[in-house]
Amino acid sequence: MQGKLSAFLILFAAVLWGTTGTAQAFAPENAHPIAIGTIRLAVGGLFLLSLVLLFGKFELKNWPIKATVLAALSMALYQPLFFTAVTVTGVAIGTVVAIGSAPILSGLLEWIFFKARPSKIWWVSTFLSISGCILLFTNRESTYVDPVGVVMALGAGLTFASYTLASRDMVQKFSSLNVVAIIFTISAIFLAPFLFIFDMSWVASLQGIGVSIQLGVVATGIAYFLFAKGLANVSSSTAVTLALAEPLTAALLGVFLLGESLNTTAWLGIFLLIMGIAILIGSSRAANRKNKTAVRATL
């Protein structure tokens, strides 16, 4: 039950991440994508830090400094890398390479550093999910492959995988709220210089405030807290594959809220994404039943 619940927490986090694109569509015209990413981390970090201080769970005893810096730096780098990739090589290619590469890179990192070889079920579900992601985005615009943009997108995928790997051990030993609050506060500090580079006047408008709260509190603070809670009982490679529900949510919100249309290929992609995610959740349920049976046999 615990593994299944953790999987659903990660799925819910991915659904909240999927609202990011829709929220950005309602941002003021003078809001630069990197500036939006910076505000997102700043508001999210402050929100999480306020919760920690409010509930009195702030504790730094034996805190892992290296893992924290790696996770915070990874999350800070993800923002400009992803937005630059999308700007240079387009939304379709940038999104597919960044989001699609993250599960594979996460599985490889887990294999290299923790000697945990991904299961066959993980490979099958990841292949289906990535294939669905490619079908979902490929026909949404004319594709233009820019080598620099692809490298940036791969960097974004690597930083998200690195964040997941670095934070997983932390959420198993410390409060999930503490972990995400500290990581995102430091990430916001890393990106603070961008506040002086880009025009931030849009934040003062009602529209800007609404977008900042949605992105910072909901799509960052709450979403990454749920992701951290789920990550405590799920491998990093599995968590990143489940996070592919993000583009699925973004596509469906585009259809129902922004009036976008999807062709047959895109709907097939959605089907493959759902299928891949369902296989992973099903495998976690089977694993839980197997563990329970083993425990009963030893009693």
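Above this text you will find the structure in question.
Description of the structure in this document. Not measured: the values here are computed from a predicted model.

**A short note on the side chain of Ser6**
Inspection of the secondary structure assignment puts Ser6 in helix H1 (residues 2-17). Discounting residues that sit within four places of it in the chain, Ser6 has contacts with Lys229, Gly230, Asn233 and Val234.

**A few points about the environment of Gly254**
With respect to the secondary-structure elements, Gly254 resides in helix H12 (residues 245-257). On the accessibility criterion, Gly254 (2% relative accessible area) is buried. Once the C-alpha coordinates of Gly254 and Trp202 are considered, the two residues, 52 residues apart in sequence, prove to be 23 Å apart. If sequence neighbours within four positions are ignored, Gly254 has contacts with Gly259 and Glu260.

**Remarks on the environment of Asn233**
As for its placement among the helices and strands, Asn233 is situated in the loop between helix H10 (206-231) and helix H11 (236-242). Taking the C-alpha atoms as reference points, Asn233 and Ser6, 227 residues apart in sequence, are found 6.3 Å from one another. Engagement of the side chain of Asn233 in a polar contact is seen with the side chain of Ser6, the distance being 3.3 Å.

**Side note on helix H3 (residues 33-55)**
Taking 1.5 Å of rise per residue, 23 residues should cover 33 Å, and H3 covers 33 Å from first to last C-alpha, within 8% of that figure. The first or second residue beyond H3 is Gly56, which carries a positive phi of 65 degrees.

**Remarks on the packing of helix H6 (residues 120-138) against H12**
One can describe the packing of H6 onto H12 by two numbers: an axis separation of 10 Å at closest approach and a directional angle of 30 degrees. By the angle class used here, H6 and H12 are roughly parallel. H6 and H12 meet at a crossing whose hand is left-handed. Contacts between H6 and H12 involve Cys133, Leu136 and Phe137 on the former and, on the latter, Pro247, Leu248 and Ala251.

**With respect to the packing of aromatic side chains**
Scanning all chains against the criterion turns up 14 aromatic pairs. An angle of 50 degrees between the planes, with centres 4.8 Å apart, marks the rings of Trp17 and Tyr224 as tilted. Of this pair, Trp17 sits in helix H1 while Tyr224 sits in helix H10, and the two are 207 residues apart along the sequence. Tyr224 carries the same exposure label as Trp17, and that label is buried. Consider the rings of Tyr78 and Phe160, whose centres lie 6.2 Å apart with planes at 50 degrees: the pair is tilted. In this pair, Tyr78 sits in helix H4 (residues 65-89) while Phe160 sits in helix H7 (residues 147-173), placing the two residues 82 residues apart along the sequence. Of the two residues, Tyr78 and Phe160, neither departs from the other in class, the shared state being buried.

**Things to note about the side chain of Thr241**
Residue position: Thr241 is located in helix H11. Side chain to side chain, Thr241 and Thr126 meet in a polar contact 3.0 Å long. Within polar-contact distance, the side chain of Thr241 engages the backbone oxygen of Ser237 at 3.1 Å. Contacts of Thr241, omitting those with residues within four sequence positions, involve Pro103, Trp122, Ser125, Thr126, Ser129 and Leu280.

**Let's talk about the nonpolar core**
With 61 residues, the main nonpolar core has Trp17, Phe160, Tyr163, Phe184 and Phe227 as its most contacted residues. Each residue touching Tyr163, except ones within four places of it in the same chain, is listed here: Ala71, Ser74, Met75, Val180, Ile183, Phe184, Tyr224 and Phe227. If you look at the next biggest cluster of nonpolar residues, it comprises 13 residues, including Val96, Ile130, Ala266 and Leu273.

**Side note on the environment of Thr38**
Considering the arrangement of structural elements, one finds Thr38 in helix H3. Under the relative-accessibility criterion, Thr38 is labelled buried at 2%. Sequence-wise, Thr38 and Pro80 are 42 residues apart; in three dimensions their C-alpha atoms are separated by 8.7 Å. The residues touching Thr38, leaving out its near neighbours within four places in the chain, are Leu191, Phe194 and Leu195.

**Focus on H4**
Counted at 1.5 Å a residue, the expected span for H4 with its 25 residues is 36 Å, and the 36 Å between its end C-alpha atoms agrees. Roughly 25 degrees is the biggest bend found in H4, and it falls at Tyr78, with proline Pro80 one to four residues downstream. Gly90 lies just past H4 and shows a positive phi near 95 degrees.

Scoring rules and cut-offs
- Residues numbered from 1 in each chain as written.
- Predicted model: local features only at pLDDT ≥ 70, side-chain atom pairs only at ≥ 80, totals over all residues.
- Heavy atoms only, no water.
- Helix = DSSP H or I, 4+ residues; strand = E, 2+ residues; numbered from the N terminus.
- Contact = heavy atoms within 4.5 Å.
- Buried < 20%, exposed > 50% of the residue type's maximum accessible area, 1.4 Å probe, protein only.
- Polar contact = N/O pair within 3.5 Å; in protein donor to acceptor, adjacent residues only side chain to side chain.
- Expected span 1.5 Å × (residues − 1).
- Axes fitted to C-alpha atoms, helices over the stretch in contact; angles between N-to-C directions.
- Parallel < 35°, antiparallel > 145°, perpendicular 65-115°, else oblique.
- Left-handed = near helix turned anticlockwise from the far one by under 90°.
- Phe/Tyr/Trp six-rings, centres within 6.5 Å; stacked < 30°, edge-to-face > 60°.
- Core = buried A, V, L, I, M, F, W, Y, C linked by side-chain atoms within 4.5 Å.
- Bend = angle between axes of the 7 residues up to and from the residue.

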